[in-house]
Amino acid sequence: MAKPPRKTPAAKKSPAAKKSAPARKSSTPSKPVAKTTGGLKTPIYKATKAELMDFYEQMLLIRRFEEKAGQLYGLGLIGGFCHLYIGQEAVVTGLQSAIEPGKDSVITGYRDHGHMLACGIDPKIVMAELTGRASGISKGKGGSMHMFSVDHGFYGGHGIVGAQVSLGTGLAFAHKYKEDGGVCLAYFGDGASNQGQVYESFNMAELWQLPVVFVIENNQYAMGTSVNRSSAEDQLYRRGESFRIPGMQVDGMDVLAVRGAVEEALKDVRGGGGPVLMELKTYRYRGHSMSDPAKYRSREEVQNIREKSDPIERLKAMLMKQGVAEDELKILDKKVRKTVADAADFAEESPEPELAELYTDVLVEQY
Amino acid sequence: MAVMNMIEAINSGLDNMMERDDNVVIMGEDVGYFGGVFRATAGLQEKYGKTRCFDSPISECGIIGAAVGMGAYGLRPVPEIQFADYIYPGMDQLISEAARLRYRSAGEFIAPLTVRSPFGGGIFGGQTHSQSPEAMFTHVSGLKTVIPSTPYDAKGLLIAAIEDNDPVLFFEPKRIYNGPFTGYYDKPVEPWSKFDAAQVPEDYYRIELGKANIVREGDEVTVLAYGTMVHVARAVVEEHGINAEVIDLRTLVPLDIETIEASVKKTGRCLIVHEATRTSGFGAELSALVQERCFYHLEAPIERVTGFDTPYPHSLEWAYFPGPVRIGEALEKIVGELKS
Ligand SMILES: Cc1ncc(C[n+]2csc(CCOP(=O)(O)OP(=O)(O)O)c2C)c(N)n1
Ligand SMILES: [Mg+2]
């Protein structure tokens with residue numbers, strides 16, 4: 001087998017492209033590039049009012065969509081597993097707002113509805129996938145955890161914890177190989193950060209200087225296991241240190257902090273600096289999936305975070321302080337509710353897939 | 001005696017073994033503080049402490065690899081892999097290490113671990129929470145594979161598995177944790193408490209590995225099944241009024257081929273049922289064995305009803321699941337061929 005290229009994967013067209021990967025390494029300990037700190041001192045993004053309104057609408061859409069999904073689950077229209085993103089909206093909203101659609105790629109785990117909406121995918125076909133209908137984005141065959149849209153640069157939607165990190169590394173390799181200037185955002189959870197293949201990926205990404213941002217959504221729990229019960233190093237932004245991957249820890253409940261941080265990260269990665277690791281401190285309000293006895297944390301803990309750090313309320317307060325009228329926000333809310341209601345109607349009215357679909361897409365050939 | 005569902009029986013078996021043998025330790029994702037996502041290890045950390053029942057990171061390869069090392073040094077680890085669908089990262093440790101340690105050390109080292117893992121479909125779990133990967137393990141020499149179908153069996157077999165000095169895959173059919181699902185998915189499942197097999201001794205007992213259980217005697221056709229499909233097959237046989245002999249294999253490796261052989265020689269016909277995909281499924285092995293041993297007694301071709309050769313779908317689960325309709329058709333075909 002051919003030896004994989006060191007630092008620079010062979011450029012397909014011009015070998016000259018190799019210059020694009022300056023080795024920033026020496027044998028001295030890694031010098032953090034962006035703000036590699038344990039504090040939350042990443043720059044706060046200065047958004048225009050229009051941008052703030054966009055962030056607000058985006059986060060609201062995710063929240064209302066997830067609330068609706070929860071209701072449909074309760075009605076038996078969604079079955080099996082369904083992982084809601086409520087509480088974490090600022091993470092994906094801030095990150096996705098900074099990337100270039102059509103150029104960059106995104107991959108995540110099974111808690112993926114918010115990522116899809118933030119990638120601009122039609123809520124209707126996402127909801128229809130949750131209800132397992134033919135019009136769903138994976139024709140009803142993938143379900144909540146397994147959704148994809150190459151058109152939107154969204155590479156899934158993966159049920160196996162940690163697997164997407166290696167795939168994201170491969171996406172980044174392909175970006176570099178094709179010299180398309182794209183960056184991959186590879187999202188994973190605090191729990192996933194303990195999978196061995198994550199570290200195999202870190203090593204490869206740094207060794208080959210791949211354009212990837214590793215995004216740890218640290219919502220503090222992996223199902224019922226809290227970070228410090230499963231992680232020797234619980235400051236997850238440091239997890240790349242021995243691979244010389246700079247890390248940043250960011251307040252994931254503040255969309256402007258997220259946006260500010262990811263701009264720094266992207267600057268570095270797009271400049272050919274290799275991977276960056278971002279730890280977003282966030283929180284999931286709902287259970288892990290739909291049946292979760294929640295014995296591993298107290299009601300007060302959840303309540304406290306909702307009251308003090310809710311990303312949507314925080315932004316709302318900011319908007320109102322800037323003089324946005326409550327009515328204006330209400331109109332937005334109405335619009336979002338309508339979008340979500342339409343998605344739910346669509347998902348309910350669509351037919352189930354044809355039986356013959358069971359046998360399609362197993363291999364290229366049909367059998 | 002107490003009335004237990006399958007989870008409670010498994011919990012009781014773990015409890016007995018932890019009490020009897022200090023070397024028994026349990027680890028896995030969410031098994032300690034939380035007591036397991038299906039509650040199989042509930043209360044064990046409280047009772048035996050964090051050094052004997054503890055949470056592991058999400059690291060299946062590490063969990064199984066560490067268990068092999070612990071076993072080589074005299075412990076008797078019982079790791080849980082939360083769903084069988086997540087066992088693949090640990091595959092290398094199971095195949096290259098656990099299964100082969102005894103052979104390559106000429107018996108010097110053993111790997112007495114028991115990997116517990118909920119498996120099988122019927123719960124709307126889609127492709128990452130529904131698989132039946134047993135044949136991947138029966139294919140590997142040096143591993144044992146056990147699949148119980150009742151609370152009573154689950155406890156007795158689990159204890160035998162933990163006491164066994166070789167690596168055992170203990171697959172728990174999660175669809176029947178609370179009651180014997182018969183495949184008639186539009187009917188409610190009756191709880192285990194209504195069945196004799198829920199009468200489980202609170203104390204230690206063993207069911208030897210490699211002993212099948214004839215759950216229904218008959219002389220028209222032999223039905224071979226394990227796990228959830230034992231209950232489905234039995235219900236269909238009764239619905240169709242066919243005098244079938246239904247055999248619950250209980251353990252695939254070691255396999256009780258004598259019981260199978262005697263039955264097929266008596267009935268002359270054989271139906272094999274499993275949820276797993278068909279090609280290279282365990283049914284293929286069973287079919288070959290029956291053919292080798294009973295060829296001159298067979299009065300009809302051996303039939304298999306299995307999952308389709310596709311990933312487990314999210315929707316259309318009941319079309320995919322090898323349920324009453326497909327089993328009924330196969331039975332009528334086998335029996336009908338003789339009658340006509
Ligand atoms: C390989 C593998 N092991 C275990 C699981 C079961 N599982 C699903 S989600 C999860 C917790 C993951 O937690 P985290 O990475 O923190 O993500 P979060 O759910 O908090 O978004 C576990 C253990 C799985 N899906 N895949
Ligand atoms: Mg988490």
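**Focus: the overall build of chain B**
In terms of regular secondary structure, chain B is built from 12 helices and 14 strands. In terms of overall dimensions, chain B has a C-alpha envelope of 65 × 45 × 40 Å along the principal axes.

**A short note on the overall build of chain A**
Along its length, chain A carries 11 helices and seven strands. Of all 367 residues assigned to chain A, the portion counted as buried reaches 51%. Nonlocal contacts in chain A, meaning residues at least 24 apart in sequence, comprise 76% of its contacts between residues at least 6 apart.

**Brief notes about the confidence of the model for chain A**
When pLDDT is averaged along chain A, the result is 90, and 88% of the positions lie at 70 or above. Confidence drops under pLDDT 50 across residues 1–40 of chain A; counting only partners more than four residues distant or on other chains, this segment forms 55 contacts.

**Focus: the interface of chain A and chain B**
Taken residue by residue, the interface counts 34 residues in chain A and 28 residues in chain B. Here the side of chain A that touches chain B is composed, by residue class, of 13 nonpolar, 17 polar and four charged.

**A few points about the site of ligand 1**
Within the structure, ligand 1 sits among 19 residues, and Val161(A), Gly189(A), Gly191(A), Ala222(A) and Tyr86(B) are positioned closest to it. At ligand 1, the nearby residues belong to more than one chain, namely chains A and B. Of the residues assigned to the shell around ligand 1, the class counts are nine nonpolar, six polar and four charged.

**A few points about the sheet that holds strand S6 (residues 247–251) of chain A**
Residues and elements named next belong to chain A. Taken together, five strands build an open sheet; the order of strands is S1-S2-S3-S7-S6 and the sheet is parallel. Edge positions in the sheet fall to strand S1 (105–107) and S6, since each of these pairs with one other strand and no more. Adjacent strand axes in the sheet meet at a mean angle of 20° when their direction is disregarded. Where S1 meets strand S2 (residues 184–189), three bridges bridge the pair, whose relative direction is parallel.

**Brief notes about the packing of helix H1 (residues 6–20) of chain B against helix H7 (residues 151–163) of chain B**
Helix-helix packing is characterised by the crossing angle of the two axes and by the distance between the axes. All names here are of chain B. Packing of H1 against H7 leaves a shortest axis separation of 8 Å and a crossing angle of 30°. Classified by the angle between their axes, H1 and H7 sit roughly parallel to one another. The chirality of how H1 crosses H7 is right-handed. Where H1 abuts H7, its residues Met6, Ala9, Ile10, Ser12, Gly13, Asn16 and Met17 lie against Pro151, Tyr152, Ala154, Lys155, Leu158, Ile159 and Ile162. When the residues that make up the contact of H1 with H7 are grouped by side-chain class, the tally is 10 nonpolar, three polar and one charged.

**Some thoughts on the nonpolar core**
Within the largest apolar cluster, 99 residues are counted, with the highest numbers of intra-cluster contacts made by Val223(B), Ala233(B) and Leu271(B). Broken down by element, the residue count for this core peaks at eight residues, all from H7(B). When residues of this core are assigned to domains, at least three map to each of domain 1 (2–200) and domain 2 (213–339) of chain B. Excluding its chain neighbours within four sequence positions, the residues that come into contact with Leu271(B) are Val221(B), Val223(B), Glu303(B), Val305(B), Ala330(B), Leu331(B) and Ile334(B). Membership of the second largest hydrophobic core comes to 90 residues, among which are Val106(A), Ile125(A), Ala344(A) and Ile58(B).

**A closer look at the confidence of the model for chain B**
Summarising the model, chain B shows a mean pLDDT of 97, and 99% of its residues fall at 70 or more. Interface confidence for the predicted complex, expressed as ipTM, amounts to 0.94; the pTM equals 0.93.

**A word on the packing of helix H1 (residues 49–74) of chain A against helix H2 (residues 89–98) of chain A**
All names here are of chain A. Interhelical geometry of H1 versus H2 gives an angle of 135° and a closest axis separation of 9 Å. Taken together, the axis directions place H1 and H2 in an arrangement best described as oblique. Like other packed secondary-structure pairs, H1 and H2 cross with a definite hand, here right-handed. In this structure, H1 contributes Phe55, Gln58, Met59, Ile62 and Arg63 to the contact, and H2 contributes Glu89, Ala90, Thr93 and Ser97.

About the criteria used
- Residues numbered from 1 in each chain as written.
- Chains lettered and ligands numbered in written order.
- Predicted model: local features only at pLDDT ≥ 70, side-chain atom pairs only at ≥ 80, totals over all residues.
- Helix = DSSP H or I, 4+ residues; strand = E, 2+ residues; numbered from the N terminus.
- Buried ≥ 20, exposed ≤ 12 C-beta atoms within 10 Å, placed from the backbone.
- Contact = placed C-beta atoms within 7 Å.
- pLDDT = per-residue confidence, 0-100.
- Nonpolar A, V, L, I, M, F, W, Y, C, P; charged D, E, K, R; others polar.
- Near = placed C-beta within 6 Å.
- Pairing = 2+ DSSP bridges.
- Axes fitted to C-alpha atoms, helices over the stretch in contact; angles between N-to-C directions.
- Parallel < 35°, antiparallel > 145°, perpendicular 65-115°, else oblique.
- Left-handed = near helix turned anticlockwise from the far one by under 90°.
- Core = buried A, V, L, I, M, F, W, Y, C linked by C-beta atoms within 7 Å.
- Domains from an automatic or database assignment.

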